[in-house]
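Descriptive analysis of the structure
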Amino acid sequence: MVIKSVQLETVCGITSKLPDNILPEIAFAGKSNVGKSSLINGIMNRKSLARTSSQPGKTQTINFYNVNEVFYLVDLPGYGYAKANQEVKAQWGKMIERYLHSSKQLKAVFLLIDIRHDPSANDKQMYQWMRHYGFDPIIIATKLDKINRSQIQKQLKAIRVGLEAQKDTIIIPYSSLSKQGREEIYDLLDSILSE
Ligand code: GTP
Ligand code: MG
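A quick note: this is a predicted structure, and the numbers were derived from the prediction, not measured.

1. A short note on the overall build of the protein chain
A tally of helices and strands in the protein chain yields five helices and seven strands. Put simply, the protein chain runs from its N terminus to its C terminus through helices and strands in the order β-β-α-β-β-α-β-α-β-α-β-α. With respect to the principal axes defined by its C-alpha atoms, the protein chain has extents near 45 × 40 × 30 Å. Within the span of the protein chain, comprising 195 residues, buried residues form 36% of the whole.

2. Looking at the site of ligand 1
Around ligand 1 sit 24 residues in total, of which Gly35, Ser38, Thr52, Thr59 and Gly78 are the nearest. Counting residues per element, the shell around ligand 1 draws most heavily on helix α1 (residues 36-44), which supplies three residues.

3. Side note on the sheet that holds strand β2 (residues 25-30)
With mixed pairing, seven strands are arranged side by side in an open sheet as β1-β3-β4-β2-β5-β6-β7. Bordering the open sheet on either side are β1 (6-12) and β7 (171-173), each of which pairs with just one other strand. Pairs of neighbouring strands in the sheet enclose a mean axial angle of 25°, with direction left out of account. In this sheet, strand β6 (residues 138-142) lies alongside strand β5 (residues 106-114) in parallel orientation, the contact comprising five bridges. In the strand pairing of β6, Leu111 is matched with Ile139.

4. With respect to unusual backbone geometry
Positive phi, close to 60°, is recorded for Asn68, a residue that is not glycine. Tracing the backbone through its elements, the reader meets Asn68 in the loop between β3 (62-67) and β4 (71-75). The residue Lys179 is not glycine, and still its phi comes out positive at about 65°. Within the element layout of this structure, Lys179 appears in the loop between β7 and α5 (182-194). According to the C-beta neighbour criterion, Lys179 is partly exposed, with 14 such atoms within 10 Å.

5. Some points on the pairing of β2
Within a regular strand, the side chains alternate between the two sheet faces. With five of its six residues buried, β2 lies for the most part within the structure. Relative to β4, β2 runs parallel, the two sharing four bridges. Following the sheet pairing, Glu25 is matched in β4 by Tyr72. Pairing of β2 with β5 involves six bridges; the strand directions are parallel. For Ile26, the partnering residue across the bridge sits in β5 and is Ala108.

6. Some points on α1
Of all nine residues making up α1, eight are buried, and the element is well covered by its neighbours. Within α1, burial applies to Lys36, Ser37, Ser38, Leu39, Ile40, Asn41, Gly42 and Ile43. In the core, the buried residues of α1 are packed alongside β2, β3, β4, β5, β6 and α5. Asn45 lies just past α1 and shows a positive phi near 65°.

Criteria and thresholds
Residues numbered from 1 in each chain as written. Chains lettered and ligands numbered in written order. Predicted model: local features only at pLDDT ≥ 70, side-chain atom pairs only at ≥ 80, totals over all residues. Helix = DSSP H or I, 4+ residues; strand = E, 2+ residues; numbered from the N terminus. Buried ≥ 20, exposed ≤ 12 C-beta atoms within 10 Å, placed from the backbone. Near = placed C-beta within 6 Å. Pairing = 2+ DSSP bridges. Axes fitted to C-alpha atoms, helices over the stretch in contact; angles between N-to-C directions. Contact = placed C-beta atoms within 7 Å.

This is the structure we're talking about:
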């Protein structure tokens, strides 16, 4: 994949109508602060088009990035943001669910899990939810640079077991610092978009 153009095209808040896109969409979900916006920047080859923050709860809208006028990368708000009040959390859960099951152009979903941690109850629920809606989520184990090489296989195994993932579920370790894992993600995007 070669990135020729990127543009933030649509921003949806809780009450916004979701866009009726013609181009295919690929969405990124995961706990708050796991690195969704950083991964999207890495894929787009931009430092900060998608806004990131060390404080969880940065992305509070569903953002559609048009790439090459060929497809959209969809940056979702994180779940499990402890400071958000219950009502806001519930509204966001509903909005994300609505998007996942109503988008006609959603071709693939990526679920991001911090490679240092076992999946949480919310992560497991999200994985099952995506499967329920007919997706085969691709798992990205983020923040690869934060652990020792010797720990990588053990952590990948813990993520697979924790999610009760299917045997053929793809798990890619990724670092937004070194961009390790990016080529594999580009190859996957190419194959998703050629289906
Ligand atoms: P929300 O929008 O709050 O849901 O978070 P997000 O999932 O979009 O996370 P974001 O990309 O904003 O990253 C959160 C923090 O983690 C930022 O301080 C990033 O710099 C950092 N971060 C993200 N990916 C990596 C990584 O691969 N390695 C390291 N070391 N830090 C990372
Ligand atoms: Mg974000």
